[in-house]
Amino acid sequence: MIKWIGVGFILFSCGGIGFEMKNKLEKRIEALRTIKRIIFMLRGEIKYGNAPLGEAFASIGNRMESPYREFLMETAKEMEHLNGTTFQGIWKQMKENYLKGLPLLKKDWDHLLDFGDHLGYLDKEMQLNTIELYLEQLEEEILSAQGNLKKNGKLYQSLGIMGGILITILII
């Protein structure tokens, strides 16, 4: 009886690992889509509202959910204080403080940091061009992640379940 309970736990936990791997892929896509939405709103604030970056971040932050709200609002506050830190420094610090828990890959973080490096010191037209470039990068990453989810999502689930079955057979 205890052996069968152990078998059930093994199957359940191995299957759960596979489902969690698929869930991580889905959460990455969701995070990338949210960042894309923020960048779209930023483009609109700059292009049509002629808002400076600080005001644009505060306006967008009021419409977002956590942790993006805190990231945008604190970035806007830090930009107001201007205590000798560059925009790039503020961007990096706020990213570390508020977005660290997002399920992004290293290349996603690198692109986000590059975006912040090129955004803060340019004129309006160059900022809009930087935003357009980053939106294109985000779209490519989202499409790539969706393809990866289609290709590997079921694979992770199946491998988790099959791995549990294999371990169960080896134990019995």
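Refer to the structure above for everything that follows.
A brief report on the enclosed structure follows. Because the structure is predicted, anything quoted here is derived from the model rather than measured.

Quick word on the packing of aromatic side chains
- Counted according to the given criterion, the structure contains six aromatic pairs.
- A ring pair is formed by Phe71 and Trp91, whose centres lie 5.2 Å apart and whose planes are at 75°; its orientation type is edge-to-face. In this pair, Phe71 sits in helix H3 (residues 68-81) while Trp91 sits in helix H4 (residues 87-98), placing the two residues 20 residues apart along the sequence. For the pair formed by Phe71 and Trp91, the shared burial category is buried.
- Taking 5.8 Å as the distance between ring centres and 70° as the angle between the ring planes, the aromatic pair formed by Trp91 and Phe115 counts as edge-to-face. You can see Trp91 sitting in helix H4 and its partner Phe115 sitting in helix H5 (residues 106-119), a full 24 residues away along the chain. For the pair shown, Trp91 and Phe115 are each scored as buried.
- Among the aromatic residues, those joined into a ring-pair cluster are Phe57, Phe71, Phe87, Trp91, Phe115 and Tyr134.

Section: empty space enclosed by the protein
- Overall, the coordinates contain two cavities of 30 Å³ or more when judged by the stated rule.
- Its volume calculated, the largest cavity comes out at about 90 Å³.
- Secondary-structure elements contributing two or more residues to the lining of the largest cavity are helix H1 (2-47) and H3.
- The element contributing the most residues to the lining of the largest cavity is H1, with four residues.
- When its residues are assigned to classes, the lining of the largest cavity shows 11 nonpolar, no polar and no charged.
- Roughly 40 Å³ of volume is contained in the second largest cavity.
- As for the second largest cavity, its lining consists of Leu32, Asp108, His111, Tyr134, Gln137, Leu138 and Glu141.

A closer look at unusual backbone geometry
- The amide bond that connects Ser66 to the next residue, Pro67, takes the cis arrangement and shows omega of 5°.
- Summarising the element assignment, Pro67 is placed in the loop between helix H2 (53-61) and H3.
- With a phi close to 50°, Asn50 is a non-glycine residue in the positive phi region.

With respect to the environment of Met21
- Tracing the chain through its elements places Met21 in helix H1.
- For Met21, a relative accessible area of 35% puts it in the partly exposed group.
- Residues Met21 and Trp109 lie 88 residues apart in sequence; the distance between their C-alpha atoms is 20 Å.

Concerning the environment of Lys24
- Residue placement: Lys24 occurs in helix H1.
- Put simply, Lys24 and Gly153 are 129 residues apart on the chain and 9.6 Å apart in space, counted from C-alpha to C-alpha.

A few points about the packing of H1 against helix H6 (residues 124-171)
- In the contact formed by H1 and H6, the axes pass within 8 Å of each other and the chain directions differ by 175°. Classed by the angle they form, the pair H1 and H6 counts as roughly antiparallel.
- Within the contact of H1 with H6, the residues separate by chemical class into 27 nonpolar, 12 polar and 11 charged.

Observations regarding a nonpolar patch on the surface
- Taken together, the side chains of Leu11, Phe19, Ile161, Met162, Ile165 and Ile169 define a hydrophobic patch exposed on the protein surface, amounting to about 540 Å² of accessible area.
- Breaking the nonpolar patch down by element, the ones donating at least two residues are H1 and H6.
- With four residues, the top contributor of residues to the nonpolar patch is H6.
- Mapped onto the secondary structure, Ile161 falls in helix H6.

Calculation criteria
- Residues numbered from 1 in each chain as written.
- Predicted model: local features only at pLDDT ≥ 70, side-chain atom pairs only at ≥ 80, totals over all residues.
- Heavy atoms only, no water.
- Phe/Tyr/Trp six-rings, centres within 6.5 Å; stacked < 30°, edge-to-face > 60°.
- Helix = DSSP H or I, 4+ residues; strand = E, 2+ residues; numbered from the N terminus.
- Buried < 20%, exposed > 50% of the residue type's maximum accessible area, 1.4 Å probe, protein only.
- 1 Å grid on protein atoms, 1.4 Å probe; cavity = no way out; pocket = protein on both sides within 12 Å on 5 of 7 lines; lining within 4 Å.
- Points joined across faces, edges and corners; volume = space filled by probe spheres on them.
- Nonpolar A, V, L, I, M, F, W, Y, C, P; charged D, E, K, R; others polar.
- Axes fitted to C-alpha atoms, helices over the stretch in contact; angles between N-to-C directions.
- Parallel < 35°, antiparallel > 145°, perpendicular 65-115°, else oblique.
- Patch = residues over 30% accessible without salt bridge, like charges linked within 9 Å, V, L, I, M, F, W, Y side chains within 5 Å.
- Areas by Shrake-Rupley, 256 points an atom, 1.4 Å probe, with all protein chains shown as cover.
- Salt bridge = Lys/Arg side-chain N within 4 Å of Asp/Glu carboxyl O.

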